[in-house]
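Descriptive analysis of the structure
In case you want the letters, here they are:
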Amino acid sequence: MQTSYNDIPVPSDGQAIEYANGKYTVPDHPIIPFIEGDGTGRDIWKASQRVFDAAVEKAYGGKRSVKWFEVLAGEKSYRKTQNWLPDDTVKATVDFRVSIKGPLTTPVGGGIRSLNVALRQLMDLYQCVRPVKYYSGVPSPVKSPEKLDVVIFRENTEDIYAGIEFREGTPEAAKFIAFVNDEMLKGTKKKVRLDSGVGVKPISITGSKRLVRAAIQYAIDHQRKTVTLVHKGNIQKFTEGAFREWGYEVATQEFRAHTVTERESWILGNLEQNPKLTPEENAALVEPGIEFASKEFGESIVQEVRDVVASIGATHGNGQWKNKILVNDRIADSIFQQIIIRPSDYSVLATTNLNGDYISDAAAAQVGGLGIAPGANIGDGYAVFEATHGTAPKYADKDVINPGSVMLSGVMMFDFLGWSEAARLIESSMEKTIQQKFVTYDFERQMQGATKAKTSEFASRMIENMG
Ligand SMILES: NC(=O)C1=CN([C@@H]2O[C@H](COP(=O)(O)OP(=O)(O)OC[C@H]3O[C@@H](n4cnc5c(N)ncnc54)[C@H](OP(=O)(O)O)[C@@H]3O)[C@@H](O)[C@H]2O)C=CC1
Ligand SMILES: O=C(O)CCC(=O)C(=O)O
Ligand SMILES: [Mg+2]
């Protein structure tokens, strides 16, 4: 362990969090690195840190405290070190294991690639975990926002975020396109236009399975009823479709005692309704229109029915499947309308990286917006907590932005550390402040009779509301 990182000395009065055999050991005065973030990150971090310290002090009366340790990334880092993401910053987040960050800017088109994505990949933080639930008093564009309570598990290291892209007009793009057209697509009518930019979308067994494994384990640990695999597998069969297949493999091979797939539930449910149903009749109920399909397809469905009854009839039949976690899947476009129209049907969503990015912002909107959308990037032995939103640059340094998302990311962090008393204090004081209609501009513009609070004022009222 170094004594300083980026020439900033490590706090001498704290200790590092340790990790061994799948367990974290958290000292009473842990050193927690933080990245302030670009744009609105500065205002948000100042407000959040005050609230975190007040909650910890209130909960533990000095017995516990966080020793915050600033590490540099983004614009602040570039100004000081001419480096957007110094090695020391990555080293510190690795050495101290648990950290929290504000948003960092990524230019569209040219310029640097995402520092946020880089950190996730460098530390192999393969789960992006984003809980979306309603806090009472928050204004929402839907009628019953409280019906949505989902935790999004987004794969966080691959997909189009791998950054394997070639700009149109470059020799690399020309070489890539020539290889695809002349070798891979030889003899077909498909061709990539020569004036294309091109990218690669890797989706691996490793990346997909470990993400789905984490999502199902979360559902087991938190008594959640469903895990939905979200994908665009009808169009991208060998990437998104494969994610779905591998997800079901994890559910049925690694968590057999805990899970039932949607199709298995239909087969077992049909049999319970009519115990005399033949496998052929059951197959026709599971796959409507089967009589018009090929003979081989029909036989494969009948075989599926037989296999399900033979393999899990005893353990999951006679209604036992109703007590298992239902693993189903939805196509990505469909899930956007499903969470609005049937929010209570969904509980845990496991998804590829890009779908997860989209659905995170959309789901957040349903319970009040990006001002209240927390998250965590989690790997084996490492965690970096961060909000779903970005730097919202037009509000930078105006002391107006909603700090709720970083504060709730802090709630996730304190729960992760086992400091649940501090976590509950932050959550309840935020809810109380919102119920008092003392809110930042984003909520105020959607509420009747609310007072518009500055970022710093919102934090101060939260601290007062801790009692
Ligand atoms: N993890 C990260 O660090 C992330 C970084 N980014 C980066 O952030 C930069 C800006 O991205 P942009 O597309 O503008 O997306 P942002 O998420 O930064 O902002 C989009 C809009 O969302 C609303 N919003 C965002 N944060 C808050 C908040 N805390 N409180 C209230 N409302 C909020 C604002 O809406 P309104 O104008 O209606 O008030 C804002 O204009 C880009 O460089 C992007 O790459 C983006 C996402 C994640
Ligand atoms: O890294 C970025 O700039 C954007 C990332 C993002 O939108 C996200 O992780 O949700
Ligand atoms: Mg995003």
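Residues numbered from 1 in each chain as written. Chains lettered and ligands numbered in written order. Predicted model: local features only at pLDDT ≥ 70, side-chain atom pairs only at ≥ 80, totals over all residues.

This brings us to helix α10 (residues 295-316). Spanning 22 residues, α10 covers 29 Å between terminal C-alpha atoms, matching the ideal 32 Å at 1.5 Å per step. Where α10 bends most, the angle comes to about 40°, and this point is Ala310. If you check which residues of α10 are buried, you get Ile301, Val302, Val305, Val308, Ile312 and His316. Of the surrounding secondary structure, the elements contacted by the buried residues of α10 are β13 (259-261), α8 (262-273) and α9 (279-286). (Helix = DSSP H or I, 4+ residues; strand = E, 2+ residues; numbered from the N terminus. Expected span 1.5 Å × (residues − 1). Bend = angle between axes of the 7 residues up to and from the residue. Buried ≥ 20, exposed ≤ 12 C-beta atoms within 10 Å, placed from the backbone. Contact = placed C-beta atoms within 7 Å.)

Before going further, it helps to spend a moment on the nonpolar core. Ranked by internal contacts, the top residues of the largest apolar core, which has 110 residues, are Val150, Phe153, Ala215 and Ala350. With eight residues, helix α1 (residues 41-60) is the single largest residue contributor to this core. The contact partners of Val150, leaving out residues within four places of it in the chain, are Val132, Ile339, Tyr346, Ser347, Val348, Leu349 and Ala363. (Core = buried A, V, L, I, M, F, W, Y, C linked by C-beta atoms within 7 Å.)

This brings us to the site of ligand 1. Taken together, 18 residues surround ligand 1, and among them Pro103, Gly371, His389, Gly390 and Asn402 come closest. For the shell around ligand 1, the per-class residue count stands at six nonpolar, ten polar and two charged. (Near = placed C-beta within 6 Å. Nonpolar A, V, L, I, M, F, W, Y, C, P; charged D, E, K, R; others polar.)

By nearness alone, every residue bordering ligand 2 is listed as Thr106, Ser114, Asn116, Val117, Asp357, Ser360, Thr388 and Gly390. Sorting the residues of the shell around ligand 2 by element identifies α4 (115-122) and α12 (353-366) as the ones contributing at least two each. Partitioned by chemical class, the residues of the shell around ligand 2 number one nonpolar, six polar and one charged.

It is worth spelling out the UniProt feature "modified residue: N6-acetyllysine" (unreviewed entry) in the chain at this point. The UniProt feature table records "modified residue: N6-acetyllysine" (unreviewed entry) at Lys143. Its place among the elements puts Lys143 in the loop between β8 (127-133) and β9 (149-155). (UniProt positions renumbered as here; feature names shortened; annotations may be inferred.)

Here we come to the pairing of strand β15 (residues 348-351). Residues of β15 alternate between two faces, with Val348 and Ala350 on one and Leu349 and Thr351 on the opposite face, all of them buried. Looking at chain direction, β9 and β15 are connected through four bridges and run parallel. Following the sheet pairing, Val151 is matched in β15 by Val348. By the bridge criterion, four bridges tie strand β12 (residues 226-231) to β15 in an arrangement that is parallel. Within β15, the position partnered with Val230 by the bridge is Thr351. (Pairing = 2+ DSSP bridges.)

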